[in-house]
Amino acid sequence: QHLHSVAPAFSPYVPVSFLSYLAFVLLAATFGLAFYFTTLPKSTIPTREAVVAIVASTLGSFGVVALFCSVGVYV
Amino acid sequence: MTPSLGLRGWLRLPVLALASLSWSFVSATSHSFENTAIVRTVDLGGSLVHVTTTYAIRALDNGAQQYLVTLGEKEAHSTSWFEAKLKGQNEPLTIATRPLIPHDGTYAYIVDLPKPLGVNGTVNLVVESVLTHTTYPWPEKASQKDEQSLKYEGDLLVLSPYRTATQRIKVRAPAPRIISYTTPKGLDAFTTDNVATKSSATITYGPFSNIPPSASTAFIEEHQKHIVVHYYFEHPVVEITSLKRTAEISHWGANLNIQNDIDLHNAGPALKGHFARIEHQSQSYFNRLAPHIIPSLTFHLPPGIHSAYYYDLNGNVSTSRLRLTPSIPKAAQMKQYSTLELRPRYPLLGGWNYTFTLGWDSPLADSAGYDASTGLYVVSVPVQTVIPGAVVNQAEVKIILPEGATDIGVFPPFSPLAQERSTHITYLDTIGRPSVALSFENLTDKHNGLIYVTYKVPLSAHLQKPKAVSIAFGVLFLVAFLARRVDLSLSK
């Protein structure tokens, strides 16, 4: 089909060469935040714990996806 | 518009189209052409036979634009590739062959000429077709040291619904070593000279003159002759009984992974006796392997690939060498291929099979594009990696699109036998990936087109994976949160 030759080439959101470094950085941050999470004091309204958990989860998820791609699984 | 694939694909057709063709067949055979000369060249090969037929046609009526090319039943069933061009031009002509119904023992292809011809207007039509499964090894068994010889069986005369002034058929073997060929009898009505003459590698039948319209069972029964040519063939006959190609597209990794599951078969003469390793070693040492042995295969893979893998049931096979070439921009002409020389675990003797898996990764930018105005992604996947001279009996191409792809459009280069949509689940998938599976039959080395697939993936679908993993992490944190509040000490 002629659209194929005309359309600009695909580019991912994150350049591929950065993926392995990104994976390392994100997963290290996730590890650090998880550690911090375990040191937080217990409180009745766990705002701080929830915030840390959410941030760590999102960072960790992108880190895992980047990790998979950098080792060749290409999810 | 594109060359047709084979007879079976056409048999699944709506009835209306059938009715419309029979009407147009009748109207088109209103004797509006005459063939001044037909020359057919049959190039014999291993599993494939290339047939080139040149029709010099003269229009008898004004405004004649549709020319009918007819084939006999056996030939039509073995034709896997059919293309018509005007002599000297590269653009193939439109062939309105869908649907194709047999009429009076012949199968017809309607070729649309680009410009209507006036009375006595002439044009030269070149029709190329590739036949599969028309040759077989004879003798059927050969020892490790013997030569390989094949027999080709086919019909002699070119059938046409129009009168033919003169016709000549040349059968060309790949090497000037022809063992025997049939000299048909009973064609005195059309020729007075020698019917068959052989010179070096070519056997010429004809010329036959003044043949009436021959696209009818009556003519076939009375005048059509069967020929058998027995010739030596000095290359192995490669046949792929089944090819399963999976193309997986990843947007996060910007990668296109292509994996082929190949069942390789050596369609040469079966081995007589047992396989002697010492005989094989001495042949390899002197570099004079018998012609029907396949020691290795060369694949021409696309440029810019990396991480190629080759394994079979036993595990990884290391006897291969890959020479890579750098990436080229999307849709540029492929000038350089990455070459992979594969050596199976054992040399393939006649009748032997070998099943293996070959796959590679290539950057997605080489085959996909994104149109920002419509939000469509377009990706191109080659149908097969062509091995020159090989026939693929059955092929299935499965294209796995990223999760959440919608508005999927599939544009194959030639019509498939069947098309199926399903969902494929792999790593980090929640809803599964849509996949399209196309199945083909009898592919030849001319079937090297690209399948184009268009689809849309919204940003939300791209984020589906990180969302799923973050929910998993979140559950872990929740469990930890609850666990910290549970007191498990034994004493206060």
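All residue numbers here refer to positions counted from 1 along the written sequence of the relevant chain. All chains are assigned letters beginning with A, and all ligands numbers beginning with 1, in the order in which they are written. Given that the model is predicted, a residue must reach a pLDDT of at least 70 before its local features are reported, and side-chain atom pairs must reach 80 or more before they are shown or counted; all residues, however, enter totals for whole chains, interfaces and linings. Heavy atoms from the whole structure form the basis of all side-chain values; hydrogens and water molecules are not counted.

As a reminder of what qualifies: UniProt positions are given in the numbering used here, feature names are shortened, and annotations may be inferred rather than shown by experiment.
As recorded in an unreviewed UniProt entry, chain B goes by the name Dolichyl-diphosphooligosaccharide--protein glycosyltransferase subunit 1, listed as coming from Lactarius akahatsu. What the UniProt record of chain B gives under Pathway (unreviewed entry) is the line "Protein modification; protein glycosylation." Its UniProt record gives chain B the following Subcellular location (unreviewed entry) comment, quoted word for word: "Endoplasmic reticulum membrane".

If you look chain A up in an unreviewed UniProt entry, it shows as Dolichyl-diphosphooligosaccharide-protein glycosyltransferase subunit OST5 from Lactarius akahatsu. In its Sequence similarities (unreviewed entry) section, the UniProt record describing chain A reads: "Belongs to the OST5 family." Recorded in UniProt for chain A, the comment headed Subcellular location (unreviewed entry) runs: "Membrane".

**Some points on the overall build of chain B**
For clarity, the threshold we go by: Labels follow the DSSP assignment, with helices taken as runs of H or I lasting at least four residues and strands as runs of E lasting at least two, numbered in each case from the N terminus. When a residue's accessible area, from a 1.4 Å probe over protein chains only, is under 20% of the maximum for its type it is buried; when over 50% it is exposed; and in between it is partly exposed. The Shrake-Rupley method, run with a 1.4 Å probe sphere, supplies the accessible areas, and residue values consider only the shown protein chains as cover. As used throughout, the charge tally considers Lys and Arg to be positive and Asp and Glu to be negative, leaving His and the chain termini uncounted. By convention, the charge on Lys lies at NZ, on Arg at CZ, on Asp at CG and on Glu at CD.
Within chain B, the secondary structure is distributed over seven helices and 31 strands. If you line up chain B on its principal axes, its C-alpha atoms span 120 × 65 × 35 Å. Taking all 492 residues of chain B together, 52% fall into the buried category. Per element, the accessible surface of chain B, about 22200 Å² overall, is 55% carbon and sulfur. For chain B, the distance from the average site of its 41 positive side-chain charges to the average site of its 38 negative ones is 6 Å.

**Digging into the side chain of Lys151(B)**
Rules: Should any heavy atoms of two residues lie within 4.5 Å, those residues are considered in contact.
Looking at the secondary structure, you find Lys151(B) in strand β10 (residues 149-155). Not counting residues within four places of it along the chain, the set of residues in contact with Lys151(B) comprises Thr134(B), Thr135(B), Tyr136(B), Trp138(B), Val228(B), Val229(B), His230(B) and Tyr231(B).

**Digging into the confidence of the model for chain B**
Residues and elements named next belong to chain B. Stated formally: Each residue carries a pLDDT score, the predictor's own confidence in it, on a scale running from 0 to 100.
Per-residue confidence for chain B averages 83 on the pLDDT scale, and 91% of its residues sit at or above 70. When mean pLDDT is compared element by element in chain B, strand β27 (residues 391-400) scores highest at 93, while helix α1 (residues 7-10) scores lowest at 42. Scored below 50 in pLDDT, residues 1-21 makes 50 contacts in the model with residues more than four places away or belonging to other chains. Two summary scores accompany this predicted model of the complex, namely pTM at 0.82 and ipTM at 0.86.

**A closer look at unusual backbone geometry**
Residue and element names in this part refer to chain B. The residue after Trp138, namely Pro139, is reached through a cis peptide bond having omega 5°. Its location among the elements puts Pro139 in the loop between β8 (135-137) and β9 (141-142). Notably, Ala254 is not glycine yet its phi reads approximately 50°, a positive angle. The topology assignment puts Ala254 in the loop between β16 (238-250) and β17 (255-266).

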